[in-house]
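# Secondary and tertiary structure notes
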Amino acid sequence: MLNLRMASTAAAQTVTPASDYRALVCLFLAGGADSYNFLVPSGTDEYNEYAGVRADLALPQADLHTLNIANSIGKDLGVHPGMSELRDLFNAGNLAWVTNVGTLIEPTTLSQYQNELVNLPLGLYSHADQIKQWQTSVPQSGEAIGWGGRTADLLHSLNDNDRISMNISVAGSNVWQNGNQTFQYSIGTDGSQGLSGYDWDWGGYPARGAAIDSQMDIEYQNLFQKTFAQSTRNALDAHEEFSAATQGIELATVFPETNLGSQLRMVAQTIAAHAALGMRRQTFFVQFGGWDHHDEVLGNMATMAPVISQAVAAFYAAMEEINEQNNVTLFTASDFGRTLTSNGEGSDHAWGGNHLVCGGAVNGANIYGTYPDLYADNPLDTGRGRLIPTTSVDEYFGELALWFGVSSSDLSMVLPNVTNFYTPGAMGPLGMMG
């Protein structure tokens, strides 16, 4: 596969020059993760409420890994039995949880929801709509420009290199990194993917490479042909530049032999090469799918939760190895949360859910947002334990964008609805970033 688009050289918004490096890593859990089995009440009274509503989906209380929460929230919480590494990162102050977060256009109560007195996200409980809305933070439209892309439009001029995009995807095409001026540069778990056979030096391949070069060197009169030839040349040059910078990177940190582990290992190698690539700001997109558990929730999560925990822990260790742990923040996102109640075999599409943020700049060992009561028909329950979010994605992403370098005055350019929940100022919406 060849990346034929290249970073725009159009002038970005005026930004303060930066000598530091920062990266955001979006780990998207495709399918809608049952995140109330990631972060679970562990105190007796709260656990009994949880067990009562979850029924056959409840995790055993004794198996939960208890969190040492720095900011008292009036509840004890634990994490899934397969997430001991995340427990350790949290207790060490390098990870936080953002609770009951989801897509909102404006603050919403159950009464407003029931009486249609508030604007609601399009296609609630729909995979396609909610995936796009989590990645654009514009739930009132079919917007195809992601908030990561809008952020890159503002900040890409901080980088010294406009030949390779600051938005790197190890999981193919996504909406989050689509910008008006910038785009995503797709790589694989082994690095940049060039034109097959172009630079091979045996058999008939040298002649093939020479033929391609000759086609690109022609002075075309047709605008389409001229643009295509130049784009191909730029993409080949970018592949060679990216490969030269990253292929020599050797990390001592051992990553798990999973697809997610391989994706995050490649992200770590690219971050280690940021100086050689001329990058001061980068975003990365990785994905772990298969979370649409309408059945076999407990069995599937027992297999999949450790994949997240082990890969994220290895990634943080790699950031420590290259001394970038304070400059890189990893966060999770997903289509939506899932119903607290069981359908008899699993859980179904819902709304608010729980997400983790990991990095040395995170004010860790804390819970952000409001962890809700989980009893049936509670004041946030639209039915079957579909909880109205008490924290908007705008607040969640606003924290990350401000830390990344977006100014408070430009924040609404990145997140058009953010002022419905937060007045930009010196402090972030949630306070989770140092």
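Coordinates for the structure precede this section.
This write-up is about the structure you can find in this document. Owing to the predicted nature of the structure, the values given are computational and were not obtained by experimental measurement. (Residues numbered from 1 in each chain as written. Predicted model: local features only at pLDDT ≥ 70, side-chain atom pairs only at ≥ 80, totals over all residues. Heavy atoms only, no water.)

## Focus: the pairing of strand β5 (residues 95-102)
- Counting buried positions along β5 gives 8 out of 8 residues, so the element sits mostly inside the fold.
- In this sheet, strand β11 (residues 353-358) lies alongside β5 in antiparallel orientation, the contact comprising 5 bridges. Paired with Leu95 across the two strands is Cys358, which belongs to β11.
- Relative to strand β12 (residues 367-368), β5 runs parallel, the two being bridged by 2 bridges. Residue pairing for β12: Trp97 is matched across the bridge by Ile367.
- Direction of pairing for β5 relative to strand β13 (residues 391-392): parallel, over a ladder of 2 bridges. Note on β13: the bridge partner recorded for Val101 is Thr391. (Buried < 20%, exposed > 50% of the residue type's maximum accessible area, 1.4 Å probe, protein only. Helix = DSSP H or I, 4+ residues; strand = E, 2+ residues; numbered from the N terminus. Pairing = 2+ DSSP bridges.)

## Some remarks on the pattern of salt bridges
- Applying the stated criterion across every chain yields a total of 9 salt bridges.
- Taking the shortest distance from any N to any O, the salt bridge between Asp20 and Arg22 comes out at 3.4 Å.
- Look at Arg22 and you get partly exposed, because its relative accessible area is 23%.
- Ionic pairing is found between Asp292 and Arg338, a salt bridge with its closest N-O pair at 3.0 Å. Note that Asp292 is positioned in the loop between β9 (281-289) and α10 (297-321) and Arg338 in the loop between β10 (328-334) and β11, a separation of 46 residues in sequence.
- What makes Asp292 partly exposed here is its relative accessible area of 32%.
- Among the charged side chains, a salt-bridge network with shared partners connects Asp20, Arg22 and Arg281. (Salt bridge = Lys/Arg side-chain N within 4 Å of Asp/Glu carboxyl O.)

## A word on the sheet that holds strand β4 (residues 77-79)
- With antiparallel pairing, the 3 strands of this open sheet are ordered in space as β2-β4-β3. Both outer strands of the open sheet, β2 (39-41) and β3 (65-66), are each paired with one neighbouring strand and no more.

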